[in-house]
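Close look at the chain arrangement
So the chains spell out like this:
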There are 2 protein chains.
Amino acid sequence: MRMNEINPEELWKKIREGNWSKPTAGVCDGYAQGNLVILPKEEALEFMIFAKRNPKACPMIDVLEPGEFEPLKSKGADLRRDVPLYRVYTREKGFSTRDSIEDLWRRDLVSFVLGCSFTFEAELLREGVPVRHIESGRNVPMFDTTIQCKPAGRFHGNMVVSMRPMKGKDIIKAIEITSKYPEVHGSPVHIGDPGEIGIKDLQRPDYGDSVPIHEGEIPVFWACGVTPQNVLKNADLDFFITHSPGHMFVTKIKNSDLSKG
Amino acid sequence: MRMNEINPEELWKKIREGNWSKPTAGVCDGYAQGNLVILPKEEALEFMIFAKRNPKACPMIDVLEPGEFEPLKSKGADLRRDVPLYRVYTREKGFSTRDSIEDLWRRDLVSFVLGCSFTFEAELLREGVPVRHIESGRNVPMFDTTIQCKPAGRFHGNMVVSMRPMKGKDIIKAIEITSKYPEVHGSPVHIGDPGEIGIKDLQRPDYGDSVPIHEGEIPVFWACGVTPQNVLKNADLDFFITHSPGHMFVTKIKNSDLSKG
C-alpha cells in the first residue's frame, strides 16, 4: 500500500496501532493536513481571537469544544492519538515529544486545527507552478521576520514565513491560486527584497532547509504555520500541546473543498 | 446635518451626548453596521466556536479581548456607550433596555461585532436589484425556520432568516453580489418553497414587517442576525448584552472593505 494512496481513516488506524510515526508530507494525496494546537480553555479564547486577527498565519480550519477530541470535519478521528508525533510543553519540563497524549487529556483542553501550505503546494504543482523545495526533495525554507502579528491578550510575536523562489509569470499564477485558499495561509505576505521583512540571508533559513534561487527568480514569502508555535512560546503558558513539526494531523477535508475560487 | 451623511465618529458623539437613541437604518451611508453580542469570558469561547461554525448566521466582523471596549476596527468608539439602545438580559430580571452599559461593565466581558445585511442591501440597490421592504419603507420580514445551526456547547438553535422577493434575473445578480460579502451573511440559504424550511405563511413574519410578493417573484432567504439572539436565549445564561433590534453599532469599516470580490 502506497502512503500517498491511503485515505485518512487508514492513516489514523496505522498511527493508533503504532505503525506510522513519521512526517506526513506526501501522505494521503488530496486531503488537507493541519497544524495542531491544544490549549487549556483558560487561554483558548485569547488564542482564538489571535487566530481570527491573523488569518494568514493562523487559518482556523476547525475548532473543537472544550474536552472534545473528534474534529467536526474529520469524524472518526481522535486528536489524542491520530497525529504521528506530538510536542508537549510544560513549564516544569519544557518540551518533549510523545506518540499519544491520551494520558494527558483533560476536559478543559481546546483543540485547534490550522491550515497548512501542503494544500496550496499540491494545487501549485497541479497548475504547473514549480515548487523548488519539492523539486529538490527538501523541507521548505522558513524565516523569522520583523512582521508583527496583531496581538491578542498574552499572544503576540512576529510572523514566520516560508519562501518559494519563482519567475515572474509563475508568481502571478501562484498569487491567483493561493488567493483562493484563505484557510491555508492565502496569498503571499511579501515579494522581493528579504531585508524589508528583516531576513538577512536567504541561504540560512531559521527552520527547514535552504534551496537554490536561480537567475531571474524572485523570492515569494507566505505566512507559515510555525508562527503559532512561536507565539505560544512567547505567551508564557503553563501547558500546551502541538504536533511535532512535519508530523501533521491529516484531515478528511479534501484540498479542493478549501478553495473559495 | 443629514443623518445619512454624518460619519461614524459624529454619530458616536451624538449618541454619547444623548442626542440619538433611534434605529440606525439609513444612518452613515457607506459604513457597515454590526450586531452586538457581549458575554462573560466563561461563555465567550463557546459562543465564538458557535459563530465560527455558523458563519452565515453569525459572521464575525470583530472580536475584542476580555474587558476591552474599543473595537480594533473602529478606533475611538466605546462599545459601552456608542450604541443607541442596548438590550440587557439577567436571569433575575429578564430583558431590559438601556442607553448605556457603562455601569454594568466588567473586566471579563467579551464583545463580538457581527455583520448585518444593511451592507449587502446597499450593494444590491447600487447594482439595481430592487429590495422590496426598502421600497415599501418597512422593516425586512424575518422568520423562524427548521434549519438547525451547528451547535457548540450550550449554544444551539434554529436559524432565523430574512426574506426578499425577487424576479429570476435579479436573484442571479443578488447571489453573485451577496456571495462576495461572507462577513455580512453571504449568499442565500434557501430559494423558493418556504415550507421546505418550516415557514408556514410568508405574510406572517415572526419578526419585522410583511411585504407584498408580486406575480413571478420567488422568495429568497438569507441567514439573519436575529439568529444569535435566539441562540443566546436558548443557552440558559445568567447575563448577556446585545444591541436592541434595529439599533446597531455603526462601525468605521466601509461596506466596500467587506467585499471579497
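For clarity, every value in this text was computed on a predicted model and none was experimentally measured.

Quick notes on the overall build of chain A
The secondary structure content of chain A amounts to six helices and eleven strands. Computed over the C-alpha atoms, the radius of gyration of chain A is 18 Å, within 12% of the 18 Å expected from 2.2 N^0.38 for a compact globule of 261 residues. Projected onto its principal axes, the C-alpha coordinates of chain A cover approximately 55 × 45 × 30 Å. A buried classification covers 46% of the 261 residues belonging to chain A. Sequence separation of 24 or more characterises 76% of the internal contacts of chain A that already satisfy a separation of 6 or more.

Observations regarding the packing of helix α3 (residues 118–126) of chain B against helix α5 (residues 168–179) of chain B
Residues and elements named next belong to chain B. Relative orientation of the contacting elements α3 and α5 amounts to 135°, with a least axis distance of 10 Å. Here α3 is positioned oblique relative to α5, judged by the angle of their axes. Where α3 crosses over α5, the two elements pack in a sense that is right-handed. Across the interface between the two elements, Phe120, Glu123 and Leu124 from α3 touch Ala174, Ile177 and Thr178 from α5. Of the residues in the contact of α3 with α5, the class split is four nonpolar, one polar and one charged.

Some remarks on the pairing of strand β7 (residues 158–166) of chain A
In regular strands, side chains alternate between the two faces of the sheet. Residues and elements named next belong to chain A. Most of β7 is tucked away, with eight of its nine residues classed as buried. Relative to β7, strand β6 (residues 142–148) runs antiparallel, the two sharing four bridges. Each bridged residue has a counterpart across the sheet, and for aspartate 144 the counterpart in β7 is valine 160. As paired strands, β7 and strand β9 (residues 218–223) are joined by six bridges and run antiparallel to one another. Paired with proline 165 across the two strands is proline 219, which belongs to β9.

Examining the relation of the copies chain A and chain B
Its rotation angle being 180°, the transformation that places chain A on chain B also includes 0.0 Å of axial translation and leaves an RMSD of 0.0 Å. Considering both components of the superposition, the chain copies are consistent with a two-fold axis. If distances are taken from each C-alpha of chain A to the rotation axis, the shortest is found for Leu45(A), at 2.5 Å. Both copies contact each other with a shared surface, as 100% of the interface residues of chain A are interface residues in chain B too.

Points about the domain arrangement of chain A
Residues and elements named next belong to chain A. Split by domain assignment, chain A resolves into domain 1 (8–116 + 236–258) and domain 2 (118–227). Taking only C-alpha atoms into account, the centre of domain 1 sits 22 Å from that of domain 2. Counting from both sides, the interface comprises 22 residues of domain 1 and, opposite them, 21 residues of domain 2. Elements with a contribution of two residues or more to the side of domain 1 that touches domain 2: β1 (31–40), α2 (41–53) and β5 (109–115). With five residues, the top contributor of residues to the side of domain 1 that touches domain 2 is α2.

Comments concerning helix α2 (residues 41–53) of chain B
The end-to-end C-alpha separation of α2(B) is 19 Å, in line with the 18 Å expected for 13 residues at 1.5 Å each. Turning to α2(B), its buried residues number three or more, namely Glu43(B), Ala44(B), Leu45(B), Glu46(B), Phe47(B), Met48(B), Ile49(B), Phe50(B) and Ala51(B).

A closer look at the interface of chain A and chain B
If you look at the interface, chain A gives 13 residues, while chain B gives 13 residues. Those elements that provide at least two residues to the side of chain A that touches chain B are α2 and β2 (60–63) of chain A. For the side of chain A that touches chain B, the leading source of residues is α2(A), giving seven residues. The residue makeup of the side of chain A that touches chain B, split by class, is eight nonpolar, one polar and four charged.

So, the nonpolar core
Counting 144 residues, the largest nonpolar core has Met48(A), Val161(A), Met48(B) and Val161(B) as the members making the most contacts within it. In this structure, Val161(B) is in contact with Met142(B), Phe143(B), Thr145(B), Val189(B), Phe221(B), Trp222(B), Ala223(B) and Cys224(B), ignoring residues within four places of it in sequence.

Considering the sheet that holds strand β8 (residues 190–191) of chain B
All names here are of chain B. Read across the sheet, four strands follow the order β6-β7-β9-β8 without closing on themselves; strand pairing throughout is antiparallel. With one partner strand each, in any of the chains shown, β6 (142–148) and β8 form the two edges of the open sheet. Docked against the sheet, helix α6 (residues 226–234) engages β6, β7 (158–166) and β9 (218–223), running at close to 160° with respect to β7.

A closer look at the sheet that holds β6(A)
Residues and elements named next belong to chain A. Pairing in this open sheet of four strands is antiparallel, and the strands run β6-β7-β9-β8 from one edge to the other. A single partner strand is all that each edge strand has here, and the edge strands are β6 and β8 (190–191). Seen against the sheet, helix α5 (residues 168–179) touches β7, β8 and β9 and runs at an angle of roughly 15° to β9.

So, α3(B)
All names here are of chain B. The element α3 is largely enclosed, with a buried count of seven among its nine residues. By the burial criterion, the buried members of α3 are Phe118, Thr119, Phe120, Glu121, Ala122, Glu123 and Leu124. For α3, the elements touching its buried residues are β1 (31–40), β5 (109–115), α4 (132–135) and α5. In the segment just after α3, glycine 128 is the residue with positive phi, at about 80°.

Side note on the environment of Gly137(A)
Residue and element names in this part refer to chain A. Checked against the element boundaries, glycine 137 lands in the loop between α4 (132–135) and β6. C-beta crowding within 10 Å serves as the criterion here: with 7 such atoms nearby, glycine 137 is assigned to the exposed category. Each C-alpha atom of the pair glycine 137 and aspartate 209 lies 9.9 Å from the other, and the pair is 72 residues apart in sequence.

Observations concerning the confidence of the model for chain A
Taken as a whole, chain A shows an average pLDDT of 94; of its residues, 99% reach a score of 70 or greater. Reported for the predicted complex are a pTM of 0.90 and an ipTM of 0.83.

Focus: unusual backbone geometry
In this structure, Asp236(A) is a non-glycine residue whose phi angle is positive, near 60°. On the secondary structure map, Asp236(A) appears in the loop between α6 (227–234) and β10 (239–243).

Comments concerning the environment of Met3(B)
Residue and element names in this part refer to chain B. The residue methionine 3 is located in the segment before α1 (8–16) in this model. Looking at methionine 3, the number of C-beta atoms within 10 Å reads 16, which means it is partly exposed. Sequence separation of methionine 3 and asparagine 255 is 252 residues, and the distance between their C-alpha atoms is 17 Å. In this structure, methionine 3 is in contact with Gly26 and Val27, ignoring residues within four places of it in sequence.

Focus on the environment of Val211(A)
Residues and elements named next belong to chain A. Within the element layout of this structure, valine 211 appears in the loop between β8 and β9. In this structure valine 211 comes out as buried when scored by C-beta crowding, with 23 C-beta atoms within 10 Å. Sequence-distant contacts of valine 211, that is, excluding residues within four places in its chain, are made with Arg132, His133, Ser136, Arg138, Pro141 and Pro165.

Calculation notes
Residues numbered from 1 in each chain as written. Chains lettered and ligands numbered in written order. Predicted model: local features only at pLDDT ≥ 70, side-chain atom pairs only at ≥ 80, totals over all residues. Helix = DSSP H or I, 4+ residues; strand = E, 2+ residues; numbered from the N terminus. Rg over C-alpha atoms; globule rule 2.2 N^0.38 Å. Buried ≥ 20, exposed ≤ 12 C-beta atoms within 10 Å, placed from the backbone. Contact = placed C-beta atoms within 7 Å. Axes fitted to C-alpha atoms, helices over the stretch in contact; angles between N-to-C directions. Parallel < 35°, antiparallel > 145°, perpendicular 65-115°, else oblique. Left-handed = near helix turned anticlockwise from the far one by under 90°. Nonpolar A, V, L, I, M, F, W, Y, C, P; charged D, E, K, R; others polar. Pairing = 2+ DSSP bridges. Least-squares fit on C-alpha atoms with pLDDT ≥ 70 in both. Domains from an automatic or database assignment. Expected span 1.5 Å × (residues − 1). Core = buried A, V, L, I, M, F, W, Y, C linked by C-beta atoms within 7 Å. pLDDT = per-residue confidence, 0-100.

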